Structure formats: structure tokens, C-alpha cells
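Descriptive structure summary
Spelled out, the chains give:
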Amino acid sequence: MLASYVGIYSPLKTIRNTLSRYCTSAAVSRPSVHVIHLLQLATEFQSLRFVRQSHAVIFSLGLQHDTFCGTKLIYAYSTCRFPFEAQTVFSTIPRKNVFVWNSLVSGYAKNHIFEEPLTLFGQMHREGISDNYTFATVSKVAAEIGSLESGKSIHCIIIKTGFGSDTVVLNSVVAMYCKCNKLCDAHSLFEEMTHKTVGSWNVLISEYADRGDSLSSQKAYNLVKQMCDYGVKPDAHTVASVLPICTNKNGIRGRELHGFIIKNDLIYGSDLHVGSCLVNMYAKSHNIFLARHVFDLLKYKNIILWTVMIAGYIQNTNFAEALTLFRKMQVRDGIMPNRVCLITVLPACVTLANLIQGREIHAFAIRSHFIYDVSLRNALIDMYCKCGSLKCARYTFDDDSCIKDVISWSSMIAGYGLHGKPEEAILLFYKMCELGMHPDYITSVGVLSACCRGGLVDKSMEIYNLLVADYGIVPTVEICSCMVNILGHTGRLEHALDFIYTMPVNPGPSVWGALLNASVIHGNLDMQDLAYKSLLELEPENPSNYISLSNTHASSGRWDVVAKTRSQMKVRGLRKLPGCSWINFNGKVHSFYVADKSHPCLEPIYATLDNLVLMMKGVSVPDFEYLP
């Protein structure tokens, strides 16, 4: 009977009825065994109500002082996120063995209460009660809080008590040193270990892989090779740790790991984590075809795998396919998106200006109660702003059912600036400051960009000084670029150049680009030459700089310089990608490139454009039919 109950994951109402019936018969035959089974069932479903009911039955049977029942109760309360009730049970047990202590220590750790386990460990050490599980648990606790002092003390006790050769314990200590940024100590301890398991190698490999820089990535990959030479076979965790760092352009390492995965059947079984990492690796390597191939080969797909594939299309600028896959996930496989999936797919709606799809996602978020998540709310505000619906963006922003963070305010401020409403952006900025919100550099860029679009030089200087003096904002290249843009567009080119020379950071391409645009507008050739020279020094491989320089010289009739610039591009092998625009029409995305002649409706499109050009010039044209 019990096996059938445990194996069925029925709806909550059925579970409650099942547990109620089981609870009423718990004390009929072999009561102690039955009540433990009931407690295990209640723990499995994380039902605090039935854990408490089991506790009452245990008490009525006089088993409240039993160490085995007490251990199970402590574990059950901890699993249900009630560690302090677990502490109450712990205090009622007169004779506590190591299992009782360990249950409470691990229970606190699972609930992210890290000071109590170390205090309990001190009591255990004084009473001489500890085992390898104890040391492994408290080492992880020291790692979580980054307490090197506690970690070293635990390591000393491990050696003194004779557990210095236990591989599981030493793995936890190595991980502790890694988390406390003591890689030398971690390496030393790792080298001293007489027996290294796959878990021992995974600790160091994961640490180097998570750091992300090229040197650490190389060390992680070298450790995998050493691991194989040592005679230890990498497992799924090893592969999943290393795959994210194999995103180089040639993809040799990624393909090597893919071959290892296939050979050892680490992906086409039940391990979807490896599959997700492999899809992500190919997507980040800009090989979306192979990413989709791996995705399609996986028989079982969960929401994580679908989200990774959708994100891969977005990373590779295939936004239409991302939305198609998002719909297919729900319609074909019946998998409903979670909060992360919704946040992932919203940028595709932004890029394609697909406001209808964005509203559908918003409606789904409301129905699914995801709308209370601040990250999703911020993504929706950003989507509405960039899709041109400021009204919907402000409605979402003003909804008080969810808290607002700095990103919420910054997104709305940037939205007003994007649509040429600097006054509203500035008012919102000052309101944010009045409410005690501390603006960050993203807020700064948003409000200063809004001032630039409105030509509000004095106001921008006032806000810039406020940000630096009162809020301690350290000017970034982006912030300085906004200031140069404002000064330059209003004709204060000399002031803009002085600002560049006195900037607290080195001027980047965006700064010189802002000066260049302003100098072109106001016809200052000396400033143009200075800006172009600086841009070409900073970005010698950017074709846009050469094209812009060529166009500027062509407009002033300097064809010899134009020919020289084009020749430099040819020598460097630079070619600018053509500009692209798109429109969503009747649910289908139509893309158009510069001088594009591939669209099936080419003739009526250009005829319509010609008529529109004449109408804008004020020329009377005959009526024409719009495209169907």
C-alpha cells in the first residue's frame, strides 16, 4: 500500500486525502514503522501540515525521545523550511547521537542559515561527536559565507581527528579554499590527496571554468586532460563545467567534448543538463545550425533546454526563429514558459517591434502570477518603451503590486528619452531621487541622453554635477559620451573638446563618435579630422569608420581622399554589412536590406515608395492602391 502511495504524484487535493486516510490507520499495526512511513511521505510532498500531524502521532506513541524518530522529524521540518521547529525537536531528545546533530546542522545549511551550523559544530567538537558528514557539511558552510578563518580551523580539526585522508571531506575543504579565493592552498591540498575521485577533479575544474578569463579557462581544460592521464574518467558534471569555456571561433575544443559526450552516452540519456550546455556552447560559438541539430536530437526536452535554444537564436540575431520556437514549445510540446523563458524571449519582440507578441507575453505573465517578479516587470517596461508604447510602459511601471528597483526607474527614464520626451524623463529622475532611490550609471546615461535629445545643455550639466557630487557616480565612457553629445549638438564644440581632454577616463570610440557627428552637423573640418584620426586609431578594423570618413570627404568633393580611404578598406579586407530593416505584416516578418531586390512584392513596394517620396515633396500624385 505504501509503495503505491509514494509512487503516485497526484494533485494536492488527492495527496491530502491519501495522507489523511493513511494517518488515521497509522497506529493500527506496527505503529512505529507506520508513522515513520507517514513522515517520509509527508516530507516527500513537503507538507508541513502532515509533518506536524506525524509529530503529534509520534508524541502520542511516546516516541518523542527516540533518536531515530527525532532525526527523521528534524529532517522533515528542515525540508519544509522550518529549521527552528527542527531545533525544538532537537532540544527534546535527551541522548543525541551524531545523526541527530548532523540532521540539524545540515538542516540549517539547507535553509541558508550559516552561523548556527558553525556554533553547533563547536559544541559537537567539545563533546567529541563528529563524522565525515559533519566535516563535509561545515566545510561547505564556511565556503558559503567565505570565512577563511573558520575554514582553516575546520581543516585543522579534520587533521587532528584522523579524517585527513577521507576523500569526501577533503573535496569539501578544497572547495572551501576555492570559494575563499585561496587557489594555492586548494591546489596544495589537492596534490597531497592520496586518492582523487572524479569529484576531487571537478572541484578545481569548476572553479577555474567559473572564473571566465582566458587563463583560467586554459587551466580548466588542462586539468581535464590531466584528469584523463590520471586514469579518472570525466563525468557529466565535468563536461557541463567545461563546455561554457569552449566557445572559441574554430570550436575545436567544443567538438572534442561533443565527441566525448557521444562516445560515453552523456547526453542522449536522461542528463538534460549536459544537453543544455552543449546547445549553449554551439550557440555562443555562432554555430546555431549545430546547436539546433543537438537540440532536435534530444528526445526529452524540458523548459531549460527550450529556453537555452531560444536564447541561442536571439544571441545569433535570428529573432523570428526564436519567436517561432517559443510558440512551438507551447503548441507542439505543451510546455508552458516560466519566468526566465519569458524574460529571454522579450528581446526578440523588441528587435522585431512585435508589440502584439509582447502583449501576449504580458497577459500570460499576469495569468501565471509571474508579473510580481521585478525582473520580468522591468523587461516588459523595456519592451513597451522600445516598441513605441509609452502608455503601456508607464501603466506597467505605475502598477504598485510589484516593487520597483533602480532598473525599473532607469528603464522608464530611458524610454521617455528614446521618444523625445526629456521633460518627463527629468521629472521622473528627480522623483526617483526624492523617494530615496540611488541612481546608478545606467540611470545616468538614460537621463543625460534624454537631455541631449531635448537640447537641454544647462539641465544636463546640473544633473551631471548632481550625479557626481551627491551620488558619487564615477563618470564612465558612456556618461562622458552623453555630455560630449549634448555640448557638440548645441554648437559648443570647443567646450566638448575641453571636456574630452579633462575626462576622468580615457575617451573611447563612442566619445570621439559623438564629437564627429557634432562637427559634421556644424561643418567644423578640423574637428572632423581630429575625431576621424582618433576613431581609426582606436578601431582600425571597424568598417563603419572608413565608410563614414569616405562619405564625408565625398560630400565635400575630396575624391582623392575617398579613393585612398576605399583602398585602405580593401587592403585590410574590411566590408560593411548592409543595413537591414523589417516589418511584421499579418504575422510574418519581412526583412529588407540596402538595394534589396529579392522580395516577391518588389515592384509594388518600390512603386508605393516612389509615390510616398513625391507626396512628401508636395507633388500631386494619382491615387494608388496599397499592398494587400
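What you see is a predicted model, and the numbers here were worked out from it, not measured in a lab.

Relative to the assigned elements, serine 103 resides in helix α7 (residues 98-110). Exposure remark for serine 103: the relative accessible area of 12% places this residue in the buried category. Excluding its chain neighbours within four sequence positions, the residues that come into contact with serine 103 are Thr71, Ile74 and Ser78.

With that settled, the discussion passes to the pattern of salt bridges. For the coordinates displayed, the defined rule picks out eleven salt bridges. When the shortest N-O distance is used, the salt bridge between aspartate 296 and arginine 292 registers 3.1 Å. Of the two residues, aspartate 296 and arginine 292 both sit in helix α18 (residues 288-297), four residues apart, roughly one turn of that helix. The exposure class assigned to arginine 292 is buried, which follows from its relative accessible area of 16%. Among the ionic pairs, arginine 377 bridges to aspartate 399, the shortest N-O distance being 3.8 Å. Note that arginine 377 is positioned in helix α23 (residues 374-386) and aspartate 399 in the loop between α24 (390-398) and α25 (406-418), a separation of 22 residues in sequence. Residue classification places aspartate 399 among the partly exposed residues on the basis of a relative accessible area of 30%. Shared partners join several salt bridges into a network, and the residues in it are Arg292, Asp296 and Glu321.

Take helix α17 (residues 272-284) next. Along its 13 residues, α17 runs 18 Å from first to last C-alpha, staying within 8% of the 18 Å computed at 1.5 Å per residue. By the burial criterion, the buried members of α17 are Leu272, Val274, Gly275, Ser276, Cys277, Leu278, Val279, Asn280, Met281, Tyr282 and Ala283. The inward-facing, buried residues of α17 contact α15 (236-242), α16 (252-263), α18 and α19 (303-315). Two residues or fewer past α17, histidine 286 is found with a positive phi of approximately 65 degrees.

Another point: α25. The terminal C-alpha atoms of α25, which comprises 13 residues, lie 18 Å apart, in line with the 18 Å expected from a rise of 1.5 Å per residue. Where α25 is concerned, the buried positions are Ser408, Trp409, Ser410, Ser411, Met412, Ile413, Gly415, Tyr416 and Gly417. Lining the buried residues of α25 we find α23, α24, α26 (422-434) and α27 (441-454). The N-cap of α25, judged by a side-chain oxygen 3.2 Å from the amide nitrogen of isoleucine 407 a few residues on, is aspartate 405. Immediately beyond the C-terminal end of α25, within one or two residues, lies glycine 420, with a positive phi of roughly 70 degrees.

Basis of the calculations
- Residues numbered from 1 in each chain as written.
- Predicted model: local features only at pLDDT ≥ 70, side-chain atom pairs only at ≥ 80, totals over all residues.
- Heavy atoms only, no water.
- Helix = DSSP H or I, 4+ residues; strand = E, 2+ residues; numbered from the N terminus.
- Buried < 20%, exposed > 50% of the residue type's maximum accessible area, 1.4 Å probe, protein only.
- Contact = heavy atoms within 4.5 Å.
- Salt bridge = Lys/Arg side-chain N within 4 Å of Asp/Glu carboxyl O.
- Expected span 1.5 Å × (residues − 1).
- Polar contact = N/O pair within 3.5 Å; in protein donor to acceptor, adjacent residues only side chain to side chain.

Any functional reading would require information that these geometric values do not contain.
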